[in-house]
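Listed below, chain by chain, are the residues.
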Amino acid sequence: MTPELFQAMAQSIIDGDSEAAEQLARQAIEAGIDPLEAINKGFVLGVNHVGNEFSCGNAFLPELVMAGEAMKAAVSTLEPEMARRGTARQVLGVVVLGTIQGDIHDIGKTLVGTMLSAAGFQVYDLGVDVPVETLVAKAREVDADIIGVSALLTTTMVRQRDVVEALDDLGLRPRVKVMVGGAPVTSEWVAEIEADGYSEDAIGAVAVAKKLVAMGKSHSSEVLHDAPN
Amino acid sequence: MTRPIKSITDPKLSLGILTPEEVQRLHQATLEVIESVGVRFPSKRALETWAAHGATVDWETSIVKAPAALIEAALKKAPPKYTLAARDPAQDLPLDGNHVHLGTDGCGVEVIDLYTGERRRSGLKDVGEIARVADYLEEVAFHWVAVSAQDRPPHTRGLHEIKAIWDNSTKHVQTESIYSEAEAHAAIEMAASIVGGREALRQRPVLSIMQCTAPPLGHDGGSLEAALVGAEAGVPVGFMTMAACLTTGPATLAGNLVVGNAEVITGTALIQLACPGAPVFYAAAQSASDLRTGAYTGGGPEDYLFGAATNVLSDFYDIPLSMGSFATGAKQPNWQAGVDNSLSTFMASIVMSDMLLGVGFLHGSRIWSYAEMLMDCEIYSLIRQMMQGIVVDDETLALEAIRLVGPGGNFLTQKHTRRHMRELFVPQFMDRRPYNEWQEKRDGAADWATAKARQILETHQPDPLDPRLSAELQRIIDVAEKA
């Protein structure tokens, strides 16, 4: 029975069916299956499958996002049981996200959040119009690895620099990395404000975040982009 | 000396894209969305206006739900026709349904340097130089702020930009980069000083204001307040939706039109509730998001169809339209840029969109290229000529010339030929040379367009703004900067 259950879990992710994923997660708890096993032998296989399909051009962004949402639903259903058993899913890193103060454009930022959490990051999305201090305070509170900050306007993009400077002032860099995004952001801007990474789209952002976390405390000053140079 | 503007007028071509029944369905669906789902207006002033007129306002979420009758009655107050004034009255632009006027695109963040060919961040000098080249080009009828003056403070950047344009051109300025009440007040003061006061500005609006909505179903607070300031002063204002299939709008084209329409007509209705009879325009640059990256594409069949469909909606509401065309995602002036910009501009033109935005960009309105600007103008010229269609009358049937030449021979020496040859299109940047000539030189459209842009920039002298006026504009900016 269990292999079929794992397979159904993977399939619920592939179908982007959050309700089915949640229901299967509950079923697993009732059947006494270790939540980590449910994730690693079931749900994650679905995420990987969709990711592979996307890479070879057979799946598209909405399928990727729906798979991400379904994965989130499954994991949050399993979380209380993991806590009860004293286990935890290994997270790739902790990311605090927000659209900068004065700016309400959030679609790209939200997409980045979904893709990051599907990839295994713990994401705190603070929404739009977020002051620099709020981003930094949250990063300290949750011991974040990365702050991701977006802007759509050239007039608000300038505040991305303030995030970098605020972290510098507190001596939190290079421990906390800064990723920036938004239509007006260019690689030259990223270099000028000495941010750690940037990507033009959400898929690339995951790759950059993974590299930044892998760099960890290696104190590299290299700026990471999603595209090969 | 600036040459007369070449707008599209008296077209012979037409296109059927939506039936009257389909337009009704789009309209009814939009009203249903506005009434039952609502649209976000994050501005105290906007919410108070809505509430005073009987709309349901959620003060927590800033979401307004308005009954159909309120929206429809408000939209009826909008004037169907008016004129965008220019510093030089000979360049005034009638928005009367029988003209298509071309503008520069905006608001980009980088420029391909005209001399080094390097890509670099945009600054105030670029704003002025682009305006000067646009002033010369007879295809370009008005300006958007083409690129962002990133070397000026954010809170007055939009003011520096419009001054730089007025300093370099006599054509109408439509700003799309003023997003706050304070900046809008100063911009109105600047425009008023150019035409000789507030009353004169109502008669001769040398400035118009375009604001982007925040799809899906939202507006930006600062943008709303800036638009209200403009409308109070009698300056034309418009709301542009860029709702994109998959991300900020539904995957289907009709659904995306509904979302965008709900944003635009609620913004427009708000203006009419606050300032009945104020000149307004519909604006849109809808597109589809890329299935792989989610990026706004600015091209593809969906984009081209939106270009034609939106004018049917703005005609239904009987207000002028400012339509996004061009805006290719191509990284260089290449095949993709040619396909995107030709088809999108053709579709937006054939339905007689009043304003077309606009020439000059690569990478989805981010990187300014003078070469692309001039090649876009050539695309527009081709379409303008096509729009005249085929004239059939005694003279054009050319029977006399055909008789004179008979079978064999040629028409080169006919008087009829001399009378009509200049009606044929003469391209500036199409390569029609013999093959060996190309083989020797290996140059092409982008090289010629770049050379032409350099020549314009080096030689064109626009009618200067009176130095005292320019100083007055600077004074207004200085005051705003200190505020």
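Overview of the structure.

Focus on the overall build of chain B
The secondary structure content of chain B amounts to 18 helices and 20 strands. Against the compact-globule benchmark of 23 Å for 483 residues, chain B has a radius of gyration of 23 Å, which places it among compact chains. C-alpha atoms of chain B, sized along the principal axes, occupy 80 × 55 × 45 Å. Put simply, chain B has 483 residues, and 55% of those count as buried. Considering only intrachain contacts with a sequence separation of at least 6, the fraction spanning at least 24 residues in chain B is 75%.

Looking at the sheet that holds strand β4 (residues 63-65) of chain B
All names here are of chain B. Spatial strand order, β2-β4-β3: three strands in an open sheet with antiparallel pairing. The open sheet has two edge strands, β2 (39-40) and β3 (56-58), and neither has a second partner. Pairing of β3 with β4 involves three bridges; the strand directions are antiparallel. Residue pairing for β4: D58 is matched across the bridge by I63.

Points about the pairing of strand β10 (residues 140-143) of chain B
Regular strands place their side chains on alternate faces of the sheet. Residue and element names in this part refer to chain B. By the bridge criterion, two bridges tie strand β7 (residues 99-104) to β10 in an arrangement that is parallel. When the sheet's bridge partners are listed, G103 is paired in β10 with F142. Sheet topology places β10 next to strand β11 (residues 172-175); two bridges connect them, and they run parallel. Residue H143 lies in a different strand from β11, and its bridge partner there is V173. Between the parallel elements β10 and β11, the chain passes through helix α5 (residues 157-168) in a crossover that is right-handed.

Examining the interface of chain A and chain B
When the parts come together, some accessible area is lost, and that loss is often what is quoted as the size of the interface. Opposite the 17 residues of chain A that make contact, chain B presents 18 residues. Every element with two or more residues in the side of chain A that touches chain B is listed here: α4 (61-85), α5 (107-118), α7 (154-169) and α9 (202-215) of chain A. In terms of residue count, α7(A) provides more of the side of chain A that touches chain B than any other element does, three residues in total. Among the residues making up the side of chain A that touches chain B, the classes are represented as 11 nonpolar, four polar and two charged.

What about unusual backbone geometry?
Going from A:R173 to A:P174, the amide bond is cis rather than trans, its omega being 5°. Here A:P174 is to be found in the loop between α7 and β4 (177-181). Cis rather than trans, the peptide bond between B:P215 and B:P216 has omega equal to -5°. Secondary-structure assignment places B:P216 in the loop between β12 (207-212) and α8 (221-232). The backbone of A:D143 shows a phi angle near 55°, a positive value even though the residue is not glycine. Tracing the backbone through its elements, the reader meets A:D143 in the loop between α6 (132-141) and β3 (146-150).

A short note on the pairing of β3(A)
Residues and elements named next belong to chain A. For β3, the tally of buried residues reaches five of five residues, placing the bulk of the element in the interior. A two-sided burial pattern is seen for β3, the buried positions comprising I146, G148 and S150 on one face and I147 and V149 on the other. Where strand β1 (residues 94-99) lies against β3, five bridges are found, and the strand directions are parallel. Considered in β3, the bridge of V95 is made with I146. Assessed by its sense of winding, the connection that carries the chain from β3 through α7 to β4 is right-handed.

Parameters and conventions
- Residues numbered from 1 in each chain as written.
- Chains lettered and ligands numbered in written order.
- Predicted model: local features only at pLDDT ≥ 70, side-chain atom pairs only at ≥ 80, totals over all residues.
- Helix = DSSP H or I, 4+ residues; strand = E, 2+ residues; numbered from the N terminus.
- Rg over C-alpha atoms; globule rule 2.2 N^0.38 Å.
- Buried ≥ 20, exposed ≤ 12 C-beta atoms within 10 Å, placed from the backbone.
- Contact = placed C-beta atoms within 7 Å.
- Pairing = 2+ DSSP bridges.
- Right-handed = clockwise from strand over helix to strand, strands pointing away.
- Nonpolar A, V, L, I, M, F, W, Y, C, P; charged D, E, K, R; others polar.

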